[in-house]
Amino acid sequence: MGTSSSASTPERRAAAILAVVERIPRGRVTTYGSVAARAGLPRQARLVGKVLASLPPRSGVPWQRVVAAGGRIAFPEGSPSRTRQVRLLRAEGIDAARGRVDLKRHGWGAPDGGDLDRWLWSREGE
DNA sequence: GGCGTGACTATAC
DNA sequence: GGTATAGCCACGC
């Protein structure tokens, strides 16, 4: 096509990122880096943050389900955003009161309702 | 078109 | 557990 073709524009990348975030099931969380990877944008975790930051209030996008590496809440303690995120997560059954979420239990891809220990043991030889 | 910015991440101490 | 430091990379001015 014409120029160095804009097969991928910033807007398109943002759309890809939001599409992934919207697919995170209720009661689950994932990380910035994972969202980026799933959106086909490896190493662009920061872009994910930027896109979410530009989200208007009440967008309907479950931004609260995106956390930093290791399940950490990205916002500084005491910040309004942090308080908001913790409240939203709590509303869907996720405890983030201590500033982090247990990815083993609530990470996207973790076992559903089953017994965690059993699930962990079942992958012992991988 | 260079340069600062950031809701990131990994590593080291 | 925490702080420091250094890569990372698209975006926007």
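Attention in this report is confined to the structure presented alongside it.

What counts and how
Residues numbered from 1 in each chain as written. Chains lettered and ligands numbered in written order. Predicted model: local features only at pLDDT ≥ 70, side-chain atom pairs only at ≥ 80, totals over all residues. Heavy atoms only, no water. 1 Å grid on protein atoms, 1.4 Å probe; cavity = no way out; pocket = protein on both sides within 12 Å on 5 of 7 lines; lining within 4 Å. Points joined across faces, edges and corners; volume = space filled by probe spheres on them. Helix = DSSP H or I, 4+ residues; strand = E, 2+ residues; numbered from the N terminus. Nonpolar A, V, L, I, M, F, W, Y, C, P; charged D, E, K, R; others polar. Near = heavy atom within 4 Å. Polar contact = N/O pair within 3.5 Å; in protein donor to acceptor, adjacent residues only side chain to side chain.

**Observations concerning the layout of surface pockets**
Rolled over the atoms, a probe sized like a water molecule indicates the empty space that remains.
Thinking step 1. The space that makes up the largest pocket amounts to roughly 380 Å³.
Thinking step 2. Looking at the largest pocket, it is lined by 17 residues, and the ones nearest its centre are Leu 52, Leu 55, Trp 63, Phe 75 and Ser 81.
Thinking step 3. Going through the elements one at a time, helix H3 (45-53) and helix H4 (80-91) are the ones with two or more residues in the lining of the largest pocket.
Thinking step 4. Residue composition of the lining of the largest pocket, grouped by class: 10 nonpolar, five polar and two charged.

**Remarks on the protein's contact with DNA strand B**
Thinking step 1. Around DNA strand B there are 14 residues in total, and Tyr 32, Gly 33, Arg 46, Trp 63 and Ala 69 lie nearest to it.
Thinking step 2. A breakdown of the atoms of DNA strand B within 4 Å of the protein gives sugar and phosphate a share of 36%.
Thinking step 3. In this structure, Tyr 32 approaches DNA strand B through a side-chain N or O atom, which is 2.8 Å from a base nitrogen.
Thinking step 4. With respect to DNA strand B, the backbone of Ala 53 contributes an N or O atom lying 3.4 Å from a base nitrogen.
Thinking step 5. Within the residue set of the surface near DNA strand B, elements represented by two or more residues are helix H2 (32-38) and H3.
Thinking step 6. Ranked by residues supplied to the surface near DNA strand B, first place goes to H3 with six residues.
Thinking step 7. Taken together, the residues of the surface near DNA strand B sort by class into nine nonpolar, three polar and two charged.

**A closer look at the protein's contact with DNA strand C**
Thinking step 1. Around DNA strand C, a shell composed of Pro 10, Arg 13, Arg 43, Gln 44, Arg 46, Leu 47 and Lys 50 is seen.
Thinking step 2. Near the protein, within 4 Å, the atoms of DNA strand C are sugar or phosphate in 64% of cases.
Thinking step 3. Between Arg 13 and DNA strand C, the recorded distance is 2.7 Å, taken from a side-chain N or O atom to a phosphate oxygen.
Thinking step 4. In this structure, a base oxygen belonging to DNA strand C sits 3.3 Å away from a side-chain N or O atom of Arg 46.
Thinking step 5. Mapped by element, the contributors of at least two residues to the surface near DNA strand C are helix H1 (10-23) and H3.
Thinking step 6. The biggest single contributor to the surface near DNA strand C is H3, with three residues.
Thinking step 7. Its residues assigned to classes, the surface near DNA strand C shows two nonpolar, one polar and four charged.

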